[in-house]
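# Survey of secondary and tertiary structure
So you can see what is in the structure, the chains are spelled out below.
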Amino acid sequence: MDWLKREGFTIVASRNPKWRRDELILACDVVARNNWKGLYPEDSRIAELSDLLQLLAAYPVEERAATYRNRNRAARKTFDVATHHPGYTKKRTNGGRLDREVLQDFLDRPTEMAQAAHLLREGLKHGTLDPVPLEEDDDDAEDEASAPEGRVLYRRHRTRERNKGLRKKKISAVLKVGGTLACEVCGFDFAAVYGERGEGYIECHHVVPLHEAGEGTIKLSDLALICSNRHRMIHRSAPWPTPPELRAIVQRQATAGGVSLPGPRVATELIAST
Ligand SMILES: [Zn+2]
Ligand SMILES: [Zn+2]
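## What about the nonpolar core?
- If you look at the biggest cluster of nonpolar residues, it comprises 53 residues, and the most contacted ones within it are Leu-26, Leu-49 and Leu-120.
- With 7 residues, helix 2 (residues 21–33) is the largest single contributor of residues to this core.
- A domain-level breakdown of this core finds at least three residues from each of domain 1 (2–155) and domain 2 (162–272).
- Beyond its immediate chain neighbours, meaning those up to four positions away, Leu-26 contacts Leu-49, Leu-52, Leu-53, Leu-56, Ala-117, Leu-120, Arg-121 and Leu-124.

Structure below.
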């Protein structure tokens, strides 16, 4: 296919790719706000949805067919969602497994999912969210795929966590009150274990969930210092455990196995109150 592109041909896919979670969150939200009824292509809310899906650009151009997320397709998706609502008693349209998963997330956590949709919508409209198609083989792909609030919000969250300036501030605040850079969940201290090589190393976790992480400044008390292993486990599936909740899990497992954990850290609790 590459040579065709080089020769100046435009490649157009013949079928549209599957709907992604972020797209379904936007569609499901429209249905939820319409009392769980599907909407028709002429509806202005469908026009808005279709526009948002174009902005979201969940797939690169060459994977889109001519009808990609147009009004008809967007409207049809709202019926896939609506006809799978438990209150719907007539014949259901087909739809996919992910449609039903996202619908279930909306039923289980309506406020959170509505907030996530709101953030997504506003971020796309105002260009504050990164609408680049997401790579499947990315390191974070698995975590992204399991984040109920969708990959775009998840990715923004991780980018914020990796902000070097914030991490630095958090670390110096902890050191200033006499704390160490030990993990808040398990007490693992990179410097203690790796010596000079581990000096100053620890990851920063942003404890505010995706659907609440709107624009605005991040407080140092919203950041927790967590070792790489535990951090990975927090993000593995949603809802994320808080550091104390994960600590309780680790502790339970350790007790069951007859192992004791290092004591909890106090430094962050100290600066959390400042
Ligand atoms: Zn994190
Ligand atoms: Zn740890």
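Here the narrative resumes, following the displayed structure.
## Considering helix 9 (residues 164–176)
- Its 13 residues place the ends of helix 9 18 Å apart at the C-alpha level, agreeing with the 18 Å of an ideal helix rising 1.5 Å per residue.
- Inspection of helix 9 places Leu-166, Lys-170, Ile-171, Ala-173 and Val-174 among the buried residues, and these make up the whole buried set. Down the axis of helix 9, the buried set is contained in an arc of 160°. They therefore lie on one face. Those residues of helix 9 that are exposed and aimed more than 90 degrees away from the buried face are Lys-164, Lys-168, Lys-169 and Lys-176.
- The opening residue of helix 9, the one whose side-chain oxygen lies 2.9 Å from the backbone nitrogen of Gly-165, is Asn-163.
- Phi turns positive, to about 85°, at Gly-178, one or two residues after helix 9.

## Some words on the layout of surface pockets
- Taken as a whole, the largest pocket encloses approximately 630 Å³ of empty space.
- Of all the secondary structure elements, the ones that give two or more residues to the lining of the largest pocket are helix 4 (71–82) and helix 5 (97–108).
- Looking at the lining of the largest pocket element by element, the count peaks at 4 residues for helix 4.
- Per-class residue counts for the lining of the largest pocket are 6 nonpolar, 7 polar and 10 charged.

The rules behind each value
Every chain is numbered independently, its residues counted from 1 as its sequence is written. Going through the entries in the order they are written, you letter the chains from A and number the ligands from 1. The model is predicted, so local features are restricted to residues of pLDDT at least 70 and side-chain atom pairs to those at 80 or more, both for listing and for counting; the totals for chains, interfaces and linings are taken over all residues. Side-chain numbers here rest on the full set of heavy atoms in the structure, without hydrogens or water. Grouping buried Ala, Val, Leu, Ile, Met, Phe, Trp, Tyr and Cys residues that are joined through side-chain atoms within 4.5 Å yields what is termed a nonpolar core. Classification of residues uses two cut-offs on accessible area relative to the type maximum, computed with a 1.4 Å probe and protein chains only: under 20% is buried, over 50% is exposed, and between them is partly exposed. By the criteria applied, helices consist of DSSP H or I runs no shorter than four residues and strands consist of E runs no shorter than two, each listed in order from the N terminus. For every domain, the bounds stem from an assignment made automatically or drawn from a database. Whether two residues are in contact is decided by their heavy atoms: any pair within 4.5 Å suffices. The span you would expect from a helix comes to 1.5 Å times its residue count less one. This arc describes the spread of directions from the helix axis toward the C-beta atoms. Polar contact is defined as a pair of N or O atoms within 3.5 Å, subject to the rule that within protein one atom must be able to donate a hydrogen and the other to accept it, and that residues adjacent in sequence are counted only when both atoms are side-chain atoms. Of the grid points, spaced at 1 Å and generated over the protein atoms alone, those admitting a 1.4 Å probe that cannot get out make up cavities, while open sets with protein on both sides within 12 Å along at least five of seven lines make up pockets; any residue with an atom within 4 Å of a point is treated as lining. Grid points are joined across faces, edges and corners, and a volume is the space filled by probe spheres set on the points. Charged residues are taken to be Asp, Glu, Lys and Arg, nonpolar residues to be Ala, Val, Leu, Ile, Met, Phe, Trp, Tyr, Cys and Pro, and polar residues to be all remaining types, Gly included.

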